[in-house]
Amino acid sequence: MSVPDYMQCAEDHQTLLVVVQPVGIVPEESFFRIYKRISAVSQVNVRDSQRVLYIRYRHHYPPENNEWGDFQTHRKVVGLITITECSSAKEWPQTFEKFHLQKEMYGSTLYDSRLFVFGLQGEIAEQPRTDVAFYPSYEECETVEKRIEDFIESLFIVLESKRLDRATDKSGDKIPLLCVPFEKKDFVGLDTDSRHYKKRCQGRMRKHVGDLCLQAGMLQDSLVHYHMAVELLRSVNDFLWLGAALEGLCSASVIYHYPGGTGGKVGSRRAQGGSLSAEAGNRHRPGAQEVLIDPGALTSNGINADTSAEIGRAKNCLSPEDIIEKYKEAISYYGKYKNAGVIELEACVKAVRVLAMQKRSMEASEFLQNAVYINLRQLSEEEKIQRYSILSELYERIGFHRKSAFFKRIAAMQCAAPSIPEPGWRACYKLLLETLPGYSLSLDPQDFSKGTHRGWAAVQMRLLHELVYASRRMGNPALCVRHLSFLLQTMLDFLSDQEKKDVTQSLESYTAKCPGTMEVITLPDGLKLPPVPFTKLPIVKSVKLLNLPTSLRPHKMKSLLGQNVSTKSPFIYSPIIAHSRGEERNKKIDFQWVQGDVCEVQLMVYNPMPFELRVENMGLLTTGVEFESLPAALSLPAESGLYPVTLVGVPQTTGQITVNGYHTSVFGVFSDCLLDNLPGVKTNGCTVEVIPALPRLQISTSLPRSAHTLQPSSGDEISTNVSVQLYNGETQQLIIKLENIGTEPLEKLEVTAKTVNTKEKLYGDFLSWNLEDTLCQFPLKPGKIATFIVNIKVKLDFSCQENLLQDLSDDGISVSGLPLSSPFRQVVKPRVETKPLNPQESSKVGDFSHVKCVSFGPLALLIHYQLILQHRKHDCSIGEVLAKLLKPLCLTQQGIF
């Protein structure tokens with residue numbers, strides 16, 4: 001026997017083997033549709049008996065394996081069912097002849113056979129026949145299952161007659177010597193009258209009868225026969241058949257202890273009938289021992305009344321521990337024969353399945369290790385694939401996941417062996433995918449961002465490379481890109497600098513044909529490959545939402561002429577501090593963004609690659625409002641360290657906006673990187689309020705700019721400086737242009753004045769204006785310009801100053817401005833005066849004298865006059881005094897743009 005059946009299990013010893021094959025040309029789909037219905041009839045209750053027959057169906061079975069039917073009867077083909085198509089009566093004789101030729105292949109062992117004919121109607125189909133069933137079509141065949149049950153009953157009749165015939169034959173002289181195929185030449189010339197030869201014949205026949213009893217549903221009788229066969233065969237050192245008898249004893253005991261079966265299909269079998277079923281509650285008894293039964297105690301019906309009671313107590317059944325010991329002994333006997341390699345291999349597989357049921361993984365691994373080193377004939381590539389796949393499955397059952405993955409990977413490589421004319425790359429790829437769990441590898445990148453790396457990185461990288469190669473040979477570049485992206489993302493820390501360059505070059509060559517996307521790839525078998533975002537290319541360390549520039553920031557609207565109302569909220573203390581990173585990101589920021597204005601988010605990034613990293617199409621991912629992201633491109637130096645990157649965008653609607661992450665395009669792979677998937681990222685909050693669009697104003701004046709600033713602006717004010725030189729009593733107009741450069745109309749204009757740095761009583765009215773002409777131009781539409789005229793008149797009173805003749809220095813005027821306001825625009829509060837006015841200090845020599853300042857609308861004009869006096873002698877000449885009085889004054893103006 002050269003072809004092992006790796007699906008063998010201990011309970012198969014009680015089954016009858018039936019082969020179902022097509023005759024002639026039969027569509028494969030139609031054949032397997034009928035085969036599925038036939039194989040569903042796998043258990044049949046024997047009439048007027050508690051016995052159950054179990055059937056094992058195969059659609060292909062090597063005829064050479066059938067020659068071992070005397071050695072183990074479950075290997076013998078006892079039934080043949082053929083399926084054929086016949087459309088006319090002319091084809092019927094040829095079809096029936098093919099049926100007879102098919103029977104001749106297994107003719108020496110067949111108990112019965114059937115022919116199912118589809119498509120033939122008429123007189124021939126109406127003739128009653130027991131071995132042929134006619135059906136009009138594959139859809140109109142309701143009685144298939146009933147025909148199969150009748151067929152199995154006929155098999156039972158033949159089986160029972162053979163069992164009775166062999167069981168009643170007690171004459172040693174007449175017992176034939178059962179042989180396996182390779183033994184026949186060894187027994188030529190032996191003395192058939194010797195006691196040794198007769199015991200050999202008796203032992204082998206007793207073992208054969210035990211097989212027949214087990215198939216006939218007589219578990220008690222089979223145990224008795226196996227025990228007797230073991231004693232007889234042990235006495236003559238017939239090791240091959242002794243191993244078979246021990247294996248039969250193990251199989252019968254396994255069927256008793258594990259009625260659900262050991263093949264992995266729980267519940268596929270029912271509990272056995274007979275007296276043993278009454279002892280189901282006493283199973284797994286460690287004290288069960290072998291009991292020898294006198295062959296003379298058996299009757300033609302199997303067992304007499306005296307011994308049946310003892311058997312009913314399961315005295316002949318092995319304990320679970322003894323089952324394994326007997327399996328070891330049987331396998332050691334098989335190992336003595338080179339031609340019994342298949343039998344030895346299958347016995348190892350059966351023992352492993354039993355040990356898996358007993359949760360004895362280490363002992364099971366010893367059996368499997370022995371199976372690996374069993375030498376068979378030169379196997380075909382398909383048989384090698386099957387062998388390694390079954391070894392992988394068995395290692396998986398006993399919990400040896402990495403060993404299972406090892407053999408499955410070997411099976412995958414065998415699918416693409418050089419000796420195969422047409423390598424099966426799809427089968428190779430499928431088997432490689434099945435090895436991933438054994439190597440602690442998942443194709444979901446989220447599993448690698450939760451903690452420390454699991455598994456051997458070198459083996460995992462090798463496996464990923466093999467997946468890429470198999471995908472390429474399959475002609476699927478999208479799979480190549482997905483697996484290479486996964487390799488680069490998850491194994492980046494374990495790749496050398498040269499490996500990083502090689503992987504990225506390969507990735508770029510694949511993405512040139514098929515760019516990487518964020519779509520889920522669904523394989524033909526239904527497996528889904530999730531997208532792989534490049535969160536490490538580059539690595540983001542922090543995310544910070546930036547406030548708008550000072551000129552664009554919204555401010556709370558209030559009248560410049562009214563009183564400031566405090567909007568401070570009450571302080572509420574809470575001892576609960578949220579440390580959740582998600583809560584920190586959802587925290588609302590204390591500033592606001594404006595609809596239609598460009599908003600900025602700053603990222604601190606790092607390039608881990610040993611070469612320059614080009615990032616294209618980098619933009620923001622947001623939720624909450626409609627947001628137009630303005631993509632950016634950047635080039636990061638090799639191992640750049642922290643590098644600031646500013647991403648911008650424009651909110652199109654109002655509401656709460658949350659920055660969830662960013663998107664990139666690196667090496668041709670598009671990635672959507674979410675902040676929740678970035679470990680260790682620092683952020684100041686990612687949720688901000690977007691308010692409706694506000695007006696934007698640009699202001700220009702008719703005076704030239706000044707290089708000096710008399711007073712620095714506060715954080716909420718934007719100012720510029722212009723200058724003018726005037727003599728006391730001189731008047732000049734300041735023309736201010738108000739241009740609406742936004743998209744919203746300007747609806748409101750307020751003008752106020754305030755005095756700053758007031759230290760002296762010396763002051764006068766410098767500014768005057770008329771708002772009527774300006775207010776007629778409001779509301780100011782986008783793109784329109786309004787003019788505002790301010791009259792500057794220098795009028796100072798020096799009569800009260802005794803020391804005016806002492807060192808009169810240059811004077812100055814400053815003008816500062818505030819943003820123009822609309823009903824939606826908030827206006828900053830005016831600058832606080834640095835010192836209040838104190839009349840008692842007005843007469844001090846050497847201090848500054850100040851005048852009132854004027855602010856208008858959103859444009860606040862702040863006029864600041866400074867007169868610097870120093871101590872001089874009282875006897876100075878009048879000419880010196882006049883020279884000082886005629887010295888020009890320096891006026892400086894500040895305005896907003």
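Per an unreviewed UniProt entry, the chain goes by the name Trafficking protein particle complex 9 and belongs to Catharus ustulatus. Under the heading Sequence similarities (unreviewed entry), UniProt records this for the chain: "Belongs to the NIBP family." Recorded under Subcellular location (unreviewed entry), the UniProt text for the chain is reproduced unchanged: "Golgi apparatus".

Caption draft 1: Spatial organisation of helix α17 (residues 477–490). For α17, which comprises 14 residues, the first-to-last C-alpha distance of 20 Å matches the rise-based estimate of 20 Å (1.5 Å per residue) to within 8%. Counting buried positions over the 14 residues of α17 gives 12, a clear majority of the element. Buried within α17 we find L479, C480, V481, R482, H483, L484, S485, F486, L487, L488, Q489 and T490. Where α17 is buried, its residues contact α15 (425–435), α16 (457–474), α18 (497–511), β7 (521–522), β8 (528–529) and β17 (669–674).

Caption draft 2: Spatial organisation of the side chain of H74. Along the polypeptide, H74 turns up in the loop between α2 (63–66) and β4 (77–85). Polar contacts involving the side chain of H74 include one to the side chain of Q8, which spans 3.2 Å. Once you skip the residues sitting within four places of it in the chain, H74 turns out to touch Q8, D12, H13, T15, L17, R56, Q215 and K350.

Caption draft 3: Region of interest: the pairing of strand β1 (residues 15–23). A large share of β1 lies buried, amounting to eight of its nine residues. In this sheet, β4 lies alongside β1 in parallel orientation, the contact comprising seven bridges. Bridge assignment links V23 to a residue of β4, and that residue is T84.

Caption draft 4: Focus on unusual backbone geometry. Cis geometry marks the peptide bond from L537 to P538, where omega comes out at -5 degrees. Inspection of the secondary structure assignment puts P538 in the loop between β8 and β9 (539–545). Residues F778 and P779 are joined by a peptide bond in cis, for which omega reads 0 degrees. Turning to its location among the elements, P779 is positioned in the loop between α20 (772–775) and β24 (785–793).

Caption draft 5: Main features of the packing of helix α13 (residues 381–397) against helix α14 (residues 401–415). Between α13 and α14, the shortest axis-to-axis distance is 8 Å and the interhelical angle comes to 165 degrees. Our classification of the angle between α13 and α14 gives roughly antiparallel. In the packing of α13 onto α14, the handedness of the crossing is left-handed. Residue-level contacts link E381, K384, I385, Y388, S389, L391, S392, Y395 and E396 of α13 to H401, K403, S404, F407, K408, I410, A411, Q414 and C415 of α14. Counted by class, the contact of α13 with α14 contains eight nonpolar, five polar and five charged residues.

Caption draft 6: Layout of the sheet that holds strand β2 (residues 43–45). Taken together, the six strands give an open sheet; going across it, the order is β2-β3-β1-β4-β5-β6, and neighbouring strands pair in mixed fashion. The outermost strands of the open sheet, each flanked by one partner alone, are β2 and β6 (132–135). Averaged over all pairs of adjacent strands, the angle between their axes in this sheet comes to 25 degrees, without regard to strand direction. In this fold helix α3 (residues 92–105) packs onto β1, β4, β5 (112–118) and β6, with an angle of close to 150 degrees to the strand it touches most, β5.

Caption draft 7: Seen up close, the packing of helix α10 (residues 320–334) against helix α12 (residues 361–372). Interhelical geometry of α10 versus α12 gives an angle of 15 degrees and a closest axis separation of 12 Å. In terms of axis orientation, α10 runs roughly parallel to α12. Crossing geometry of α10 relative to α12 is assigned as left-handed. For the pair α10 and α12, the contacting residues are I324, Y327, K328 and I331 in the first and E363, F367 and N370 in the second. Here the residues of the contact of α10 with α12 sort into four nonpolar, one polar and two charged.

Caption draft 8: Representation of the packing of aromatic side chains within the structure. For the structure shown, the criterion picks out 22 aromatic pairs. Ring centres of F32 and Y35 lie 6.2 Å apart, and the angle between their planes is 80 degrees; on these two criteria the pair is classed as edge-to-face. Of this pair, F32 and Y35 both sit in helix α1 (residues 28–39), three residues apart, which is roughly one turn of that helix. Here F32 falls in the partly exposed class, since its relative accessible area comes to 33%. Members of the aromatic cluster, each reached through a chain of ring pairs, are W68, F71, F182, W241, Y334 and Y337. One residue, K207, lies across the ring of F71, its end atom 5.4 Å from the ring centre. Against the face of W456 rests R402, its NZ or CZ located 4.3 Å from the ring centre.

Caption draft 9: Broad picture of the environment of P423. With respect to the helices and strands, the residue P423 is situated in the loop between α14 and α15. For the pair P423 and M413, spaced 10 residues apart in the sequence, the C-alpha separation amounts to 9.8 Å. Once residues within four sequence positions are removed from consideration, P423 is found in contact with C415 and A416.

Caption draft 10: Highlighting helix α8 (residues 239–257). A rise of 1.5 Å per residue sets the reference length of α8, with its 19 residues, at 27 Å; its end C-alpha atoms lie 27 Å apart and thus fit the reference within 8%. Counted residue by residue, α8 has 18 buried out of 19 residues, so it is predominantly covered.

Caption draft 11: Quick look at the pairing of strand β11 (residues 599–606). On β11, burial follows the alternation: C599, V601, L603 and V605 on one face are buried, whereas E600, Q602, M604 and Y606 on the facing-out side are not. The pairing of β9 with β11 spans six bridges and is classified as antiparallel. Bridging across to β11, K544 finds its partner in Q602. When β11 meets strand β15 (residues 643–651), the two strands line up antiparallel, connected through seven bridges. If you follow Q602 over to β15, its bridge partner there is T646.

Caption draft 12: Expanded view of the sheet that holds β15. Taken in spatial order, the five strands line up as β13-β15-β11-β9-β18 in an open sheet, and their pairing is mixed. Both edges of this open sheet fall to β13 (627–630) and β18 (682–683), since each of them pairs with a single strand only.

Caption draft 13: Seen up close, the nonpolar core. Membership of the largest hydrophobic core comes to 83 residues, with the highest contact counts inside it found for Y429, L488, L537, W593, L603 and F667. A per-element tally of this core places α16 first, with eight residues. Not counting the four nearest positions on each side in its chain, L603 is found in contact with V540, S542, V543, M618, Y643, P644, V645, L647 and Y662. Counting 70 residues, the second-largest nonpolar core is a separate cluster that includes V180, L240, A330 and I343.

Caption draft 14: Molecular detail of the state of the cysteines. Counted by the stated rule, this structure contains zero disulfides. Between C428, a free cysteine, and C415, which holds the nearest cysteine sulfur, the sulfur-to-sulfur gap is 6.1 Å. Residue C428 is classed as buried on the basis of its relative accessible area, which comes to 1%. Looking at C514, it has no disulfide partner, and the nearest cysteine sulfur is the one in C480, 9.0 Å off.

Cut-offs and rules
Residues numbered from 1 in each chain as written. Predicted model: local features only at pLDDT ≥ 70, side-chain atom pairs only at ≥ 80, totals over all residues. Heavy atoms only, no water. UniProt positions renumbered as here; feature names shortened; annotations may be inferred. Helix = DSSP H or I, 4+ residues; strand = E, 2+ residues; numbered from the N terminus. Expected span 1.5 Å × (residues − 1). Buried < 20%, exposed > 50% of the residue type's maximum accessible area, 1.4 Å probe, protein only. Contact = heavy atoms within 4.5 Å. Polar contact = N/O pair within 3.5 Å; in protein donor to acceptor, adjacent residues only side chain to side chain. Pairing = 2+ DSSP bridges. Axes fitted to C-alpha atoms, helices over the stretch in contact; angles between N-to-C directions. Parallel < 35°, antiparallel > 145°, perpendicular 65-115°, else oblique. Left-handed = near helix turned anticlockwise from the far one by under 90°. Nonpolar A, V, L, I, M, F, W, Y, C, P; charged D, E, K, R; others polar. Phe/Tyr/Trp six-rings, centres within 6.5 Å; stacked < 30°, edge-to-face > 60°. Lys NZ or Arg CZ within 6 Å of the ring centre and 35° of its normal. Core = buried A, V, L, I, M, F, W, Y, C linked by side-chain atoms within 4.5 Å. Disulfide = S-S within 2.5 Å.

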